[in-house]
Amino acid sequence: MSTQLMTANHAAGLAATLAGRANRRGRGFGSGVYPITPQTECIEFLCKQDIEKGHVVRVESEHSAMAVCIGFSMAGLRAYTASSSNGLAYMTENVFAAGFYRLPIVMMAVNRTMGPPWNIWVDHGDTLMLRDAGWIQLYCEDNQDLMDLSLMCFRVAEDPRILVPAMLGQDAFVLSHTIMQIEVPDQAQVDRFLPPLDLPHRLTDQPRTVGGLDFPHEIEQHREHHAAAMNRVFEVYAEAQDAFEAVFGRRPADPVVPYRLDDAELALVSMGTTASTARAAVDEARRKGIRAGSLRVNLFRPFPERQLAAQLAGIERVAILDRDLSPGMGGILWGESRALAPRDALVQNYMLGLGGGDVRPEHLVAVIDDLAGLERAGAPIIQEVA
Amino acid sequence: MEIRIHGRGGQGGVTCAKILAAAYARMGKSVQAFGDYAAERSGAPIRAYTRVSDAPITNRNKVYHPDHLLVLDPALLGEASLAGLAEGGSLLINSPDPPERFAERFPGTRPASLDCTAIARRHGIGTRSVVIVNTTIAGAFARTQGIPLEVLEGAYEDLGLAGDLPAALEAYAAVRIAEPRPRAAVAGAVASPPPAPRTVAPAASTAPPPVLALTAHTEGPETGLKTGDWRSQLPRFVRNLAPCNAWCPAGIDVVGFVQALAREGPEAAAGILAEATPLASVCGRVCPGFCMLGCNRRDYDGAVNVRGLERWVADHAPIARAAEQPTAQPRRLAVVGSGPAGLSAAYALARQGHRTELFEGESVLGGVLRTGIPGYRLPDAALERDLQGILDLGVEAHTGAFLGQADLERLSQDFDAVILATGLQQARDLDIPGSELAGVEQGIAFLHRSNLEPGARLTGHVVVLGGGNTAMDCARSALRFGADRVTVAYRRGRSEMPAIREEIEEAMEEGVTFRFLQAPVAFVGEDRVTGLELAEVELGPPDDSGRRRPLVTERRSRIACDHVLLALGQSPDLALLPEDWKLQDGRAFRSGEALNVFASGDLSTGAGTVTHAIGDGRRVARQALIALGEALEPLTRPDRADAVPRERIRFDYFARRSPAQLRQAAPAERIGGFDEVSQGLPDASEAERCLSCGSCTYCDTCLIYCPEGIIHREPDGTYAIDAEYCKGCGICLSVCPRCGLEMVT
Amino acid sequence: MNEPALGGIAQRAQDRPEPILRPGNTNCGGCGMSIGWQFLSRAVAHEPIQIVIPACCGIVTAGPYPYSAYGAPILASTFASAAAMATGLSQAARLNGEATRVLCWAGDGGTYDIGMATLSAAAERNENILYICYDNEIYGNTGGQRSSATPLGAVTTTTPIGKEVGKKDIVGIMAAHGIAYAASLSLAHPDDAMRKFRHCLDLEGFRFLHILSPCPTGWKSEPADGVQLLRLAVSSGLYPVIEVFDGERTVINVEPSFSYEDLATYFAAQARFKRERYSLEAVAARIQRNWRRLRVQAAASAALAEPLPEPAGAPLAV
């Protein structure tokens, strides 16, 4: 274990490298990569590594990047890729394929605004578009998450009780290109944390057609199995947190992360780096005598419904902060979580930092002030921060 | 009103549903039409549905309780297709069977039927293997439901199917409807019981099978989908008629013996030859080779040298003991004449265990084979070999037994039956001035002399008149007897010569000169012939024989000669028969009463070849036995038109390769004596050129090409087709190099 | 036996004990792809294979879960991804020291159209994959729409008046990648076909095989006629049977007779070609042009064997 200064992109690339090497005792590691801003540093890093029993394929598109990972994973290898924004959109078909093949591929996605018009800064709409692809989704808050949650993703996705792919979102530039100190594990630790992958349904030399036709009855059953695997994630995730702590001496983030919620009357619910800003705003509001708290949604799929509801119990006013917009509806996090607040609570949706606008604590203090003064919830609000 | 259609992929069931919907829409109804979409392809069972109502339709379900059923393929009729049909519901079936049959089979329904496939096929809708019957059966349905014709026409136009309307109208006019039979009191056979309510623990048979998670699945079992249900035709291996077999007048299984030679060797081939002929050694030398004229390889790279192969078999296999078929009731039969017809008849009779006696006027057996065919073509040893095979069967031969009228009369009384095979003993004369001169001789008399009296000599210039095999034999024998020069004069052209082509060629090689289109008009000489006057001939329109008729002109020429041999044809000598016998259709009659006396070979047919005589001898032997009450089928010749035509042979598979040539002595050498000119083929590899038309050789082509991979070799080396899976595509037949299969519906 | 073309294809050591495509599949009767599978089964012996098949008739024929009409491990890929998924499988085999041979089996849509970029990239990377395109010149699985492999004049559900442009030269395109082997293969020429299957199965690197595959349903032809149609396509010169080694050496394997009659028969036997919609003269002219080019390529291949003169002058100083 050592402390190193690096960008979140490098942290992700390093995590993938360590995880990849760890599977040298298994069937090895494979990756298909294709560049897109702001993910490039991650894959450039990966391409420079010497990974025993590992291979990185430099493909011609995101669609093929995921396809190559599917090929690796189907053969029982640990597989990894990274992308962002329109790259994810181009990849989408195979993102779904990876989910429904039940392959424990891990993908780092730098959250970036979908274009056109072109914009390279943070927005969560790209990965949220993939929420129904059958993947685990986590949203990082800081650089360390890129290391820790990457390893968690491999561990949980590859657990024989789960076997679904996992996607790790991080905010473009705010994390991806920002250097910070990171606790970097050594290989022996990672080897202990990540046992060799033994994919039970890998393609062997047995006659079989993987991914052929399903009639309605079979689709019903397979979706049910998939949903059940997702529901087991909470339990497996918790076990993995314990194991992580035992090996690395620190505990990765819970599915939802509360801050000063115990006595709060008012809460800000958010994902990614907004959660850090929200904590600052909460402190500021508390200084002004407002009993505010914050709740970070770390695990978005499976959706931690029960945990969210428990944390929001007793809260009177809830602001759900989205860095995304589903036009015609509102914020996606809001859409999914608004019903989890207490029945008589006031729940208002604010969208901040769309297109990479820099969300500062004062913006969120203003949100708190606004929320505190509302008589009743209104339509979703786009809060400009530029 | 709900209609359900059962068809096969490719028959157009969904379009049929749309036609019905379009028709009802024109009648102001609210309609709906749709199909089941699944993974199956052309030929697989599919369903389609039409729903018709006075009120707007809100039901989006499939049809479980149809008022009307259309069944596009009768093979789909069954519990599953009839499930849910309402009492008294109508049932329209595409079938040539009358509707009454279905009324009986499915009481409580109102069946109608029509052979829509035949109509659609006639109108060219679809392909050979998948006839599209949707537009036809829709026409029939319209009639059963009283949909006006103009509505139907409009519906077809609406859907852009006007081209198929004639078939629909034909169906409209032709469909027949049966009165329903009352359903028996016992449990209904048609309507399926309503589905049992799901209980908490459903019976195993009705519960959907559990589905494993994808992650638990490591091996896929076979689908077990019996695609054999899709097909409308099934291939099977058959033996189609080979042209060589169709053409052989002797009835030899030519393709059979050649293939046996190629695969198993001369003994097996000899066994097949012995089924039809006792004279393989003879035929292998002197047969004109009709089979070779019919050979599908002829126009590709030359006919298989079957004659050479037959000789190879005779020369290299021991005399075949044909499998005997002993009769329960041996009879006594006499055969008069030991030429090819007589020998063949005697052989056929003896093989069946009948006591057979053979009467020959000459001192040796063989008839024309002995007296007419020179030794350089047919050596005695070759003939003796075949004769031995016949005598080995127990035929009792009487030589030197020239029978007169009284003798024949006696034979007909002493024997159960008599077969006369005395051949053509009457040589045609030439009625022109000088024919009585010395030195003018009948060719067959000359050949008889030359064959039976060794040491004869002939000098000077010999002219042979005629163009048949006898003429060639005379010419070439004359050379061998010392003639200085031999000329053949023939009144037609070379291509009209009836002689075997090879005989003509060999004669030319040996120095015989030919004068074509020359007719003799007078012999010249005092006591002895010294010359011949010839008239030029022009060829007119074809005569009865199909050859162009010679027209003698006034342009004359004269050639000097020392001998003239007449080879102008022969005819039967009927003076041998008792005066009150009359030959009619190959049988002797006395005062209108049929005698057990039969004529065979040239005496009966005048066909003039050894091969024809062999076939006829066998046929007449069979005819005689039938007349005596034996339960046998008459022998008939197959129709050449039924033989596998050239177009059905896949020549692409066969590299061009010239026929094997006979080994022959040089012409100058061979005219020095009567040694056999030909030494036969150098080996039997010529047999490998046989295409085996119509007969499977287990070449594996079908096995390789079957798209389903369901043609297998059985342990005995033959093929089996797995009918459970065969989709009936017909690739196997289409790729077969030799047409060894057929498709059956 | 006097079928030189078939000498010893069947029942040999190269036969796979279990067919790759089993009976009970849902392909139409007379499907050219099915014949291709039977041929391939006779080339792979008992050696392990894995096959990637994109969304097409080739995967639908496997039947529904959990069954498999394939007697081999098959990965059903997304439409465009066959060569990329095969890349993963192939690299995985290499990393694990496994002899598994990875194949792609894709239709013309998955090859010429939607899969082209993926295919081209895998070829450029020289992945160790044998990519086989069964070309039925149509989107068969979706009911018969035009692809860029659909020939000039063919009527499809999306070219109701006949296609107005011809098809791509897929072998030329693939050969231009400089891959180890690119060839077209005629199922009507079983000797040549089997030789090619066996040859390229044993090669390393990216290999490409193009198989013209009769589709009775899409071509609107008799199911039984498929092989004969192929023969006509070859003899007329419409479908050149060639192979290109390392992107540079072109060999013509079957000399056509350029029979105009065969060409006419080929068109007449398929109802997808409407007489009033195509010009045989125009097709024949295209064939001529194509073959002139092929002849030049084949002749140039011979020149490739000749050594070039030494470069003049000294190497450039850097």
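Residues numbered from 1 in each chain as written. Chains lettered and ligands numbered in written order. Predicted model: local features only at pLDDT ≥ 70, side-chain atom pairs only at ≥ 80, totals over all residues. Heavy atoms only, no water.

Here we look at the overall build of chain B
Here is step 1 of the chain: For chain B, the helix and strand inventory stands at 26 helices and 30 strands.
Here is step 2 of the chain: Relative to the 2.2 N^0.38 estimate, which gives 27 Å for 745 residues, the radius of gyration of chain B is 37 Å and therefore markedly larger than a compact globule would have.
Here is step 3 of the chain: By its C-alpha atoms, chain B is 120 × 65 × 60 Å across when sized along the principal axes.
Here is step 4 of the chain: Buried residues in chain B amount to 53% of all 745 residues.
Here is step 5 of the chain: Relative to all contacts within chain B whose residues are 6 or more apart in sequence, the contacts with residues 24 or more apart total 69%.
Here is step 6 of the chain: Total accessible area on chain B is roughly 32000 Å²; 50% of this is exposed by carbon and sulfur atoms.
Here is step 7 of the chain: Between the averaged position of the 77 positive side-chain charges in chain B and that of its 92 negative side-chain charges there is a distance of 6 Å. (Helix = DSSP H or I, 4+ residues; strand = E, 2+ residues; numbered from the N terminus. Rg over C-alpha atoms; globule rule 2.2 N^0.38 Å. Buried < 20%, exposed > 50% of the residue type's maximum accessible area, 1.4 Å probe, protein only. Contact = heavy atoms within 4.5 Å. Areas by Shrake-Rupley, 256 points an atom, 1.4 Å probe, with all protein chains shown as cover. Lys, Arg positive; Asp, Glu negative; His and termini not counted. Charge placed at Lys NZ, Arg CZ, Asp CG, Glu CD.)

Structural notes on the packing of helix 20 (residues 469-480) of chain B against helix 21 (residues 501-509) of chain B
All names here are of chain B.
Here is step 1 of the chain: Relative orientation of the contacting elements helix 20 and helix 21 amounts to 25 degrees, with a least axis distance of 10 Å. Judged on the interaxial angle alone, helix 21 and helix 20 are roughly parallel. In terms of crossing hand, the pair formed by helix 20 and helix 21 is left-handed. Of the residues in helix 21, those touching helix 20 at Asn469, Met472, Asp473 and Arg476 are Glu503, Ile504, Glu506 and Ala507.
Here is step 2 of the chain: When its residues are assigned to classes, the contact of helix 20 with helix 21 shows three nonpolar, one polar and four charged. (Axes fitted to C-alpha atoms, helices over the stretch in contact; angles between N-to-C directions. Parallel < 35°, antiparallel > 145°, perpendicular 65-115°, else oblique. Left-handed = near helix turned anticlockwise from the far one by under 90°. Nonpolar A, V, L, I, M, F, W, Y, C, P; charged D, E, K, R; others polar.)

Section: the side chain of aspartate 322 of chain A
Residue and element names in this part refer to chain A.
Here is step 1 of the chain: Its location among the elements puts aspartate 322 in strand 14 (residues 317-322).
Here is step 2 of the chain: Look at aspartate 322: it is buried, it has no salt bridge, and the nearest opposite charge is arginine 131 at 9.0 Å.
Here is step 3 of the chain: Of the polar contacts made by the side chain of aspartate 322, one reaches the backbone nitrogen of leucine 333; its length is 2.7 Å.
Here is step 4 of the chain: Not counting chain neighbours up to four residues away, the residues in contact with aspartate 322 comprise Gly331, Ile332, Leu333, Trp334, Asn349, Tyr350, Met351 and Leu352. (Salt bridge = Lys/Arg side-chain N within 4 Å of Asp/Glu carboxyl O. Polar contact = N/O pair within 3.5 Å; in protein donor to acceptor, adjacent residues only side chain to side chain.)

Concerning helix 3 (residues 62-74) of chain A
Residues lying three or four places apart along an α-helix face the same way, a consequence of the helix completing one turn every 3.6 residues.
Here is step 1 of the chain: With 13 residues, helix 3 of chain A should reach 18 Å at 1.5 Å per residue; the first-to-last C-alpha distance of 18 Å fits that figure.
Here is step 2 of the chain: Just beyond helix 3 of chain A, the residue with positive phi is glycine 76 of chain A, at close to 95 degrees. (Expected span 1.5 Å × (residues − 1).)

Looking at the sheet that holds strand 6 (residues 207-212) of chain C
Here is step 1 of the chain: With respect to topology, nine strands assemble into an open sheet ordered 9(A)-2(C)-1(C)-3(C)-4(C)-6(C)-5(C)-7(C)-8(C), the strand pairing being mixed. Looking at strand neighbours, the two that pair on one side only are strand 9 (208-210) of chain A together with strand 8 (249-252) of chain C, the edges of this open sheet. Sheet twist, expressed as the average angle between the axes of neighbouring strands with direction ignored, equals 15 degrees.
Here is step 2 of the chain: One ladder, built from five bridges, connects strand 5 (residues 181-185) of chain C with strand 6 of chain C; its direction is parallel. In the strand pairing of strand 6 of chain C, tyrosine 181 of chain C is matched with arginine 207 of chain C.
Here is step 3 of the chain: Where helix 11 (residues 280-304) of chain C meets the sheet, it contacts strand 7 (242-245) and strand 8 of chain C, and its direction lies at approximately 125 degrees from that of strand 8 of chain C. (Pairing = 2+ DSSP bridges.)

Examining the interface of chain B and chain A
Accessible area lost upon the coming together of the parts is a frequently used measure of interface size.
Here is step 1 of the chain: Across the contact, twelve residues belong to chain B and 14 residues belong to chain A.
Here is step 2 of the chain: When chain B packs against chain A, the two sides together hide about 1300 Å² of surface, and 62% of this comes from carbon and sulfur.
Here is step 3 of the chain: Three residues, Val211, Leu214 and Thr215 of chain B, lead the burial of chain B against chain A; their summed loss comes to 49% of the area buried on that side.
Here is step 4 of the chain: Linking chain B with chain A are zero salt bridges.
Here is step 5 of the chain: Where chain B touches chain A, the interface holds three residue pairs in polar contact (both at pLDDT 80 or more).
Here is step 6 of the chain: Looking at the side of chain B that touches chain A residue by residue, the class counts come to seven nonpolar, four polar and one charged. (Buried area = accessible area lost by both parts, 1.4 Å probe.)

Observations regarding the interface of chain B and chain C
Here is step 1 of the chain: Contacts between the two partners involve 52 residues from chain B and, on the opposite side, 50 residues from chain C.
Here is step 2 of the chain: Summed over both sides, the interface between chain B and chain C buries roughly 4100 Å², with carbon and sulfur atoms accounting for 57% of that surface.
Here is step 3 of the chain: Per-residue buried area on chain B facing chain C is highest for Arg41, Ile704 and Tyr705 of chain B; these three make up 19% of the total on that side.
Here is step 4 of the chain: At the junction of chain B and chain C, the tally comes to one salt bridge.
Here is step 5 of the chain: Residues arginine 231 of chain C and aspartate 652 of chain B are paired through a salt bridge, measuring 3.8 Å at the closest nitrogen-oxygen approach.
Here is step 6 of the chain: Taken together, the connections running from chain B to chain C amount to 13 residue pairs in polar contact (both at pLDDT 80 or more).
Here is step 7 of the chain: Elements supplying a minimum of two residues to the side of chain B that touches chain C: helix 25 (701-705) and helix 26 (731-735) of chain B.
Here is step 8 of the chain: A per-element tally of the side of chain B that touches chain C places helix 25 of chain B first, with four residues.

Re the nonpolar core
Here is step 1 of the chain: Phe257 of chain B together with Trp37, Leu40, Ile51 and Trp105 of chain C are the most contacted members of the largest nonpolar core, which has 211 residues in total.
Here is step 2 of the chain: If sequence neighbours within four positions are ignored, tryptophan 37 of chain C has contacts with Ile20, Leu21, Ile51, Ile53, Tyr70 and Trp105 of chain C.
Here is step 3 of the chain: Core analysis: the second largest hydrophobic core is formed by 59 residues, Ala11, Leu46, Val122 and Val233 of chain A among them. (Core = buried A, V, L, I, M, F, W, Y, C linked by side-chain atoms within 4.5 Å.)

Some words on the packing of aromatic side chains
Here is step 1 of the chain: Per the counting criterion, the structure on display carries 31 aromatic pairs over all chains.
Here is step 2 of the chain: Between phenylalanine 300 of chain A and phenylalanine 303 of chain A the ring centres are 5.4 Å apart and the planes differ by 75 degrees, which places this aromatic pair in the edge-to-face class. Judged on exposure class, the residue phenylalanine 300 of chain A and its partner phenylalanine 303 of chain A are both buried.
Here is step 3 of the chain: Three or more aromatic residues link up through ring pairs in this structure, and these residues are Trp219, Tyr266, Phe267, Phe273 and Tyr278 of chain C.
Here is step 4 of the chain: A cation over an aromatic ring shows up here: arginine 480 of chain B above the ring of tyrosine 376 of chain B, its NZ or CZ 3.8 Å from the ring centre.
Here is step 5 of the chain: When the ring centre of tryptophan 247 of chain B is taken as reference, the NZ or CZ atom of arginine 640 of chain B above it lies at 3.8 Å. (Phe/Tyr/Trp six-rings, centres within 6.5 Å; stacked < 30°, edge-to-face > 60°. Lys NZ or Arg CZ within 6 Å of the ring centre and 35° of its normal.)

What to know about the side chain of aspartate 73 of chain B
All names here are of chain B.
Here is step 1 of the chain: Within the element layout of this structure, aspartate 73 appears in the loop between strand 4 (68-71) and helix 2 (79-82).
Here is step 2 of the chain: By relative accessible area, aspartate 73 is classed as buried at 13%.
Here is step 3 of the chain: A polar side-chain atom of aspartate 73 sits 2.4 Å from a polar atom in the side chain of arginine 8.
Here is step 4 of the chain: Not counting the four nearest positions on each side in its chain, aspartate 73 is found in contact with His6, Arg8 and Gln11.

Re helix 15 (residues 340-351) of chain B
Residue and element names in this part refer to chain B.
Here is step 1 of the chain: Over its twelve residues, helix 15 extends 16 Å from the first C-alpha to the last, a length consistent with the 16 Å expected when each residue adds 1.5 Å.
Here is step 2 of the chain: Most of helix 15 sits out of view: twelve of its twelve residues are buried.
Here is step 3 of the chain: Buried within helix 15 are the following residues: Pro340, Ala341, Gly342, Leu343, Ser344, Ala345, Ala346, Tyr347, Ala348, Leu349, Ala350 and Arg351.
Here is step 4 of the chain: The positive-phi residue at the C-terminal boundary of helix 15 is glycine 353, with phi of around 90 degrees.

Describing the pairing of strand 14 of chain A
Residue and element names in this part refer to chain A.
Here is step 1 of the chain: Within strand 14, five of the six residues are buried, which leaves it mostly tucked inside the rest of the structure.
Here is step 2 of the chain: Relative to strand 14, strand 11 (residues 266-270) is paired through four bridges, and the arrangement is parallel. By the bridge assignment for strand 14, alanine 267 is matched with valine 318.
Here is step 3 of the chain: Here strand 14 runs beside strand 15 (residues 346-352); their pairing, made up of six bridges, is parallel. Residue pairing across strands places isoleucine 320 opposite asparagine 349, the latter belonging to strand 15.

Re the environment of aspartate 431 of chain B
Here is step 1 of the chain: For aspartate 431 of chain B, the position within the fold is in the loop between strand 13 (426-427) and strand 14 (440-442).
Here is step 2 of the chain: Note: C-alpha distance between aspartate 431 of chain B and alanine 522 of chain B (91 residues apart in sequence) is 9.0 Å.

Remarks on the pattern of salt bridges
When their charged atoms lie close together, side chains carrying opposite charge are able to pair.
All names here are of chain B.
Here is step 1 of the chain: Considering all chains together, one arrives at 88 salt bridges over all chains under this definition.
Here is step 2 of the chain: Linking glutamate 554 and arginine 556 is a salt bridge whose minimum nitrogen-to-oxygen distance equals 3.5 Å.
Here is step 3 of the chain: Taking relative accessible area as the criterion, glutamate 554 reaches 66% and is therefore assigned exposed.
Here is step 4 of the chain: Beyond isolated ion pairs, a larger network of salt bridges with shared partners links Arg377, Asp473, Arg476, Arg480, Glu503, Glu506, Glu509, Glu510 and Arg670.

What about the sheet that holds strand 7 (residues 176-177) of chain B?
All names here are of chain B.
Here is step 1 of the chain: Taken in spatial order, the seven strands make up an open sheet running 2-3-1-4-5-6-7, and their pairing is mixed. Strand pairing shows two members of the sheet lacking a second neighbour, strand 2 (30-35) and strand 7, which therefore form its edges.
Here is step 2 of the chain: Alignment of strand 4 against strand 5 (residues 90-94), held across four bridges, turns out to be parallel. When the sheet's bridge partners are listed, leucine 70 is paired in strand 5 with leucine 92.
Here is step 3 of the chain: Together, strand 1 (2-8), strand 2, strand 3 (45-53) and strand 4 form the strand contacts of helix 1 (residues 13-26), whose direction differs from that of strand 3 by roughly 10 degrees.

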